[in-house]
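# Observations on chain architecture
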Amino acid sequence: GAVVSQHPSWVICKSGTSVKIECRSLDFQATTMFWYRQFPKQSLMLMATSNEGSKATYEQGVEKDKFLINHASLTLSTLTVTSAHPEDSSFYICSARSSGYSYEQYFGPGTRLTVT
Amino acid sequence: GEDVEQSLFLSVREGDSSVINCTYTDSSSTYLYWYKQEPGAGLQLLTYIFSNMDMKQDQRLTVLLNKKDKHLSLRIADTQTGDSAIYFCAESVSGNTPLVFGKGTRLSVIA
């Protein structure tokens, strides 16, 4: 099946700093990528939809200036958490939808962010 | 709005069949998915079914869809300890819309 990678797999940062998380589709092109956030023992909450070459669409309640998304190519989307706070600590998961079979959505392994 | 409901826990003995149930509210859901998440990992796409299908079988996995009742189930035959994980049901209206997830069912397999 299609492979989606995320980097880093985990990161610890201090309050006030920024952290960038990369999401890559390794063996397929993805015109659309999604960013989710998952709290412990809870479901995935969609944060934003990222389309290659255009601005991301953010879900209600998600601060676009805090969670910067860039989808620079058909295989790479980045999420930057700016001025991180402890409440931003979470598991962030990206997914990519194949351009060929748009109904199949593949997930990355996730990035665990801890803000101290 | 859209909503997907699942029971939170299921415990089965090794070798038995597991049935995980899911209900959804959006009658325009076109694609329905089952994902598996192991501890600390991302989501693995197990299988999916289109709304014009009633059943799909893939090795040990059988998906049943009752579109009238908006009910989806995942049956795992001969459940193994390696099947212990959280299983998420998800739906989307079209190929370009994001998925709406249930809260996940934690499957525990007892040896």
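Here's a quick rundown of the structure. Quick caveat: nothing in here was measured; it's all calculated off a predicted structure.

Of the regular secondary structure elements, chain A holds 0 helices and 11 strands. When the elements of chain A are put in sequence order from the N terminus, they spell out β-β-β-β-β-β-β-β-β-β-β. Whereas a compact globule of 116 residues would reach a radius of gyration of roughly 13 Å, chain A reaches 13 Å, a difference of no more than 12%. Taking the principal axes of its C-alpha atoms as reference, chain A extends roughly 40 × 25 × 20 Å. Counting over 116 residues, chain A shows a buried share of 52%. When the accessible surface of chain A is totalled, it reaches about 5700 Å², and 52% of it is carbon and sulfur. Each charge class in chain A can be summarised by its mean position, and for the 10 positive and 9 negative side chains these summaries are 5 Å apart.

Residue and element names in this part refer to chain B. Taken in spatial order, the 5 strands of this open sheet run β1-β3-β8-β7-β6, and their pairing is antiparallel. Here the strands that pair on one side only, and so sit at the sheet edges, are β1 (4-6) and β6 (55-58). Within the sheet, the average angular offset between the axes of one strand and its neighbour, ignoring direction, is 15°. Judged from the 6 bridges that link them, strand β3 (residues 18-24) and strand β8 (residues 71-76) form a sheet pairing that is antiparallel. Residue pairing for β8: I20 is matched across the bridge by L74.

Of the residues lining the interface, 20 residues belong to chain A; the matching set on chain B comes to 22 residues. Of all residues in chain A, S43, Y103 and F107 of chain A bury the most surface against chain B, accounting for 34% of the area lost on that side. Run the count over chain A and chain B and you get 0 salt bridges. Across the chain A-chain B interface, the total number found is 4 residue pairs in polar contact (both at pLDDT 80 or more). Going through the elements one at a time, β4 (32-38), β5 (44-51), β9 (90-97) and β10 (105-107) of chain A are the ones with two or more residues in the side of chain A that touches chain B. For the side of chain A that touches chain B, the class distribution of residues is 10 nonpolar, 7 polar and 3 charged.

Moving on, we get to unusual backbone geometry. A cis amide bond, omega 0°, links H7 of chain A with the succeeding residue P8 of chain A. Among the structural elements, P8 of chain A can be located in the loop between β1 (4-7) and β2 (10-13). At S83 of chain A, a residue that is not glycine, the phi angle is positive and equals roughly 45°. Tracing the backbone through its elements, the reader meets S83 of chain A in the loop between β8 (76-81) and β9. Relative accessible area serves as the criterion here: at 37%, S83 of chain A is assigned to the partly exposed category. Unlike most non-glycine residues, K70 of chain B shows phi in positive territory, near 55°.

Rules used throughout
- Residues numbered from 1 in each chain as written.
- Chains lettered and ligands numbered in written order.
- Predicted model: local features only at pLDDT ≥ 70, side-chain atom pairs only at ≥ 80, totals over all residues.
- Heavy atoms only, no water.
- Helix = DSSP H or I, 4+ residues; strand = E, 2+ residues; numbered from the N terminus.
- Rg over C-alpha atoms; globule rule 2.2 N^0.38 Å.
- Buried < 20%, exposed > 50% of the residue type's maximum accessible area, 1.4 Å probe, protein only.
- Areas by Shrake-Rupley, 256 points an atom, 1.4 Å probe, with all protein chains shown as cover.
- Lys, Arg positive; Asp, Glu negative; His and termini not counted.
- Charge placed at Lys NZ, Arg CZ, Asp CG, Glu CD.
- Pairing = 2+ DSSP bridges.
- Axes fitted to C-alpha atoms, helices over the stretch in contact; angles between N-to-C directions.
- Contact = heavy atoms within 4.5 Å.
- Buried area = accessible area lost by both parts, 1.4 Å probe.
- Salt bridge = Lys/Arg side-chain N within 4 Å of Asp/Glu carboxyl O.
- Polar contact = N/O pair within 3.5 Å; in protein donor to acceptor, adjacent residues only side chain to side chain.
- Nonpolar A, V, L, I, M, F, W, Y, C, P; charged D, E, K, R; others polar.

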